[in-house]
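Structure at a glance
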There are 2 protein chains.
Amino acid sequence: MSGKVYLVGSGPGDPELLTVKAKRLIETADVVLHDKLPGPSLDLVDDEKAEDVGKRAGGEWTPQEYTNKRLVELAEAGKTIVRLKGGDPFVFGRGGEEMEHLAANEIEFEYVPGVTAGVAGAGVAGIPVTHRAHNSSVSFVTGHEDPTKEESAVNWQALAATGGTIVVYMGVGKLPDYTQVLADAGMDPETPVALVERATWPGQRVATGTLDTIVDVRDEVGIEPPAITVIGPVAATRDRVKAFLRNDYESSHSRE
Amino acid sequence: MSGKVYLVGSGPGDPELLTVKAKRLIETADVVLHDKLPGPSLDLVDDEKAEDVGKRAGGEWTPQEYTNKRLVELAEAGKTIVRLKGGDPFVFGRGGEEMEHLAANEIEFEYVPGVTAGVAGAGVAGIPVTHRAHNSSVSFVTGHEDPTKEESAVNWQALAATGGTIVVYMGVGKLPDYTQVLADAGMDPETPVALVERATWPGQRVATGTLDTIVDVRDEVGIEPPAITVIGPVAATRDRVKAFLRNDYESSHSRE
């Protein structure tokens, strides 16, 4: 009798932003396979049942193939496994690949959605990713790809043309590249842009600027991964509301 | 001494998909202002503290102005208020407008993100909104606008050109319009499309087809709001995994 795998989203990091179901499953699972992105919510995982499949000693990453194999191995041993991922498993989380691998190996699985960092990270900074007055769509995109590559899978020109908010995940390093591509595509250089580092983690930081200035702002403030980038008129909402916005996340290091 | 407003996302409907924080706030608030979209999670709200600001007797909707005014009125009376919205308050939820109204009236507020239906609704049907093999972006768009209007705020051509997954919220009624606009924009008529009705509610239903067939499928199955539409190659993932996908939501009425 095989076990079962729960593909579970941790949300952006704050342990209180786990879903009730995720918390229950973490408490009752035999094993919790995780990487580092769940952040502070990992404090809820018992050491005895935690298995880190993120960064390994020596700075290397655990190959996806190892994680896939390990999930099947544990399930075939009859275990109940939580595969815990930062945010939502199906938003730039490789949960789709793991799900297909489990199905191909005839392992039962369940998906438990999580609060995705692109929505929550903007929101806790006072930025609604959609707003009737500004847009009717929002696009989430990974910043890991090189936008200057000929064969880039991300069509930044089309994203700019949607007129909607653009939220870039893991977008600190390539910020100069994709802001340039967006400017070249005709996006207004005055378009508001915000960076939110370690959203909902202790010491969260927010930095704001425009398409034209945000790279300099990033460098001055020293924004580092993990962070999201929010591009669009909604990013200016923060200035109008922040005096009355309360939460426990933000440090005094934000710079605007 | 004014009270405080919590703009809280309920998630897609399953009460276990509330965040731990949302559940705590619902339990401790003086008043919970809600509409119908939180669905089954409304069962957790005590009748004495619930105020429905959704559909009113006679089929009319409570105007946004009333809700804004009521939030300020309650806060000025010193109450702790949960403004509970389906999904996330800032994803097509008018939370941005309410936040700005609160700040303009010098009322303290906090944003508590929720699991958004566009991600969760696809996922529980076995569809990852992003997948390395298929795309590097996903766009969320409202289906309430008429895409054939000259001045439509949604640029469907640009959304098609992104090459990413498109998820349409509230998109049952205008399905014939925007699928036609996407086809006219050159999207492959064989592109997989899925409809997920009442995602994570009891009696959830899923119907799948292609850009070319999905309107007929909708009519045959009788898919009704609330539902999301998922457009893109990822929608075909469901077929590869559904034999091993477990959850308690889906009824036997799905049709593929």
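Residues numbered from 1 in each chain as written. Chains lettered and ligands numbered in written order. Predicted model: local features only at pLDDT ≥ 70, side-chain atom pairs only at ≥ 80, totals over all residues. Heavy atoms only, no water.

**Details of the interface of chain A and chain B**
In this complex, chain A contributes 64 residues to the contact, which on the side of chain B involves 64 residues. Across the chain A/chain B interface, buried area totals approximately 5,500 Å², and carbon plus sulfur atoms make up 62% of it. Considering only the surface of chain A that becomes buried against chain B, A:Glu16, A:Ser136 and A:Phe244 emerge as the three largest contributors, covering 13% of it. The interface formed by chain A and chain B includes eight salt bridges. (Contact = heavy atoms within 4.5 Å. Buried area = accessible area lost by both parts, 1.4 Å probe. Salt bridge = Lys/Arg side-chain N within 4 Å of Asp/Glu carboxyl O.)

**Quick word on helix H4 (residues 117-124) of chain A**
Taken across its eight residues, H4(A) has seven buried, putting it largely inside the fold. Along H4(A), the residues that are buried comprise A:Gly118, A:Val119, A:Ala120, A:Gly121, A:Ala122, A:Gly123 and A:Val124. Turning to H4(A), the residues buried within the fold contact strand E6 (137-142), strand E7 (165-169), strand E8 (192-197) and strand E10 (227-231) of chain A together with strand E5 (108-112) of chain B. Backbone geometry just after H4(A) places A:Gly126 at a positive phi near 85°. (Buried < 20%, exposed > 50% of the residue type's maximum accessible area, 1.4 Å probe, protein only. Helix = DSSP H or I, 4+ residues; strand = E, 2+ residues; numbered from the N terminus.)

**Side note on the relation of the copies chain A and chain B**
When chain A is brought onto chain B, the operation consists of a screw motion whose angular component is 180° and whose axial shift is 0.0 Å, with 0.0 Å RMSD remaining. Taken together, the rotation and translation relating the two chain copies correspond to the operation of a two-fold axis. Both copies present the same face, since 100% of the interface residues in chain A are matched by interface residues at the equivalent positions in chain B. (Least-squares fit on C-alpha atoms with pLDDT ≥ 70 in both.)

**Some thoughts on the domain arrangement of chain A**
Residues and elements named next belong to chain A. Partitioning chain A into domains gives domain 1 (4-112) and domain 2 (117-244). Buried surface at the junction of domain 1 and domain 2, summed over both partners, amounts to about 770 Å²; 79% is from carbon and sulfur atoms. By the criterion of area lost to domain 2, the three top residues of domain 1 are Pro12, Pro40 and Phe92, representing 62% of everything that side buries. Here domain 1 is connected to domain 2 by zero salt bridges. There are two residue pairs in polar contact (both at pLDDT 80 or more) connecting domain 1 and domain 2. Counted by class, the side of domain 1 that touches domain 2 contains six nonpolar, two polar and two charged residues. (Domains from an automatic or database assignment. Polar contact = N/O pair within 3.5 Å; in protein donor to acceptor, adjacent residues only side chain to side chain. Nonpolar A, V, L, I, M, F, W, Y, C, P; charged D, E, K, R; others polar.)

**Observations regarding the environment of B:Tyr6**
Position of B:Tyr6 among the secondary structure elements: in strand E1 (residues 4-9). In contact with B:Tyr6, not counting residues within four places along its chain, are B:Leu25, B:Thr80, B:Ile81, B:Val82, B:Arg83, B:Glu110 and B:Val112.

**Here we look at the packing of aromatic side chains**
All names here are of chain A. According to the stated counting rule, one finds nine aromatic pairs over all chains in the structure shown. Centre to centre, the rings of phenylalanine 90 and tyrosine 111 are 4.4 Å apart; their planes meet at 5°, and the pair counts as stacked. In this pair, phenylalanine 90 is assigned in the loop between strand E4 (80-85) and helix H3 (95-104) and tyrosine 111 in strand E5 (residues 108-112), connecting sequence segments 21 residues apart. For the pair formed by phenylalanine 90 and tyrosine 111, the shared burial category is buried. (Phe/Tyr/Trp six-rings, centres within 6.5 Å; stacked < 30°, edge-to-face > 60°.)

**Thoughts on the packing of helix H2 (residues 64-76) of chain A against H3(A)**
Residues and elements named next belong to chain A. Two elements in contact, H2 and H3, have axes whose closest approach is 10 Å; the angle formed by their N-to-C orientations is 45°. In terms of orientation, H2 and H3 fall into the oblique class. Read as a crossing pair, H2 and H3 show a hand that is right-handed. Seen from H2, the contacting residues are Gln64, Thr67, Asn68, Lys69, Leu71 and Val72; seen from H3, they are Glu97, Glu98, His101 and Leu102. Its residues assigned to classes, the contact of H2 with H3 comprises three nonpolar, four polar and three charged. (Axes fitted to C-alpha atoms, helices over the stretch in contact; angles between N-to-C directions. Parallel < 35°, antiparallel > 145°, perpendicular 65-115°, else oblique. Left-handed = near helix turned anticlockwise from the far one by under 90°.)

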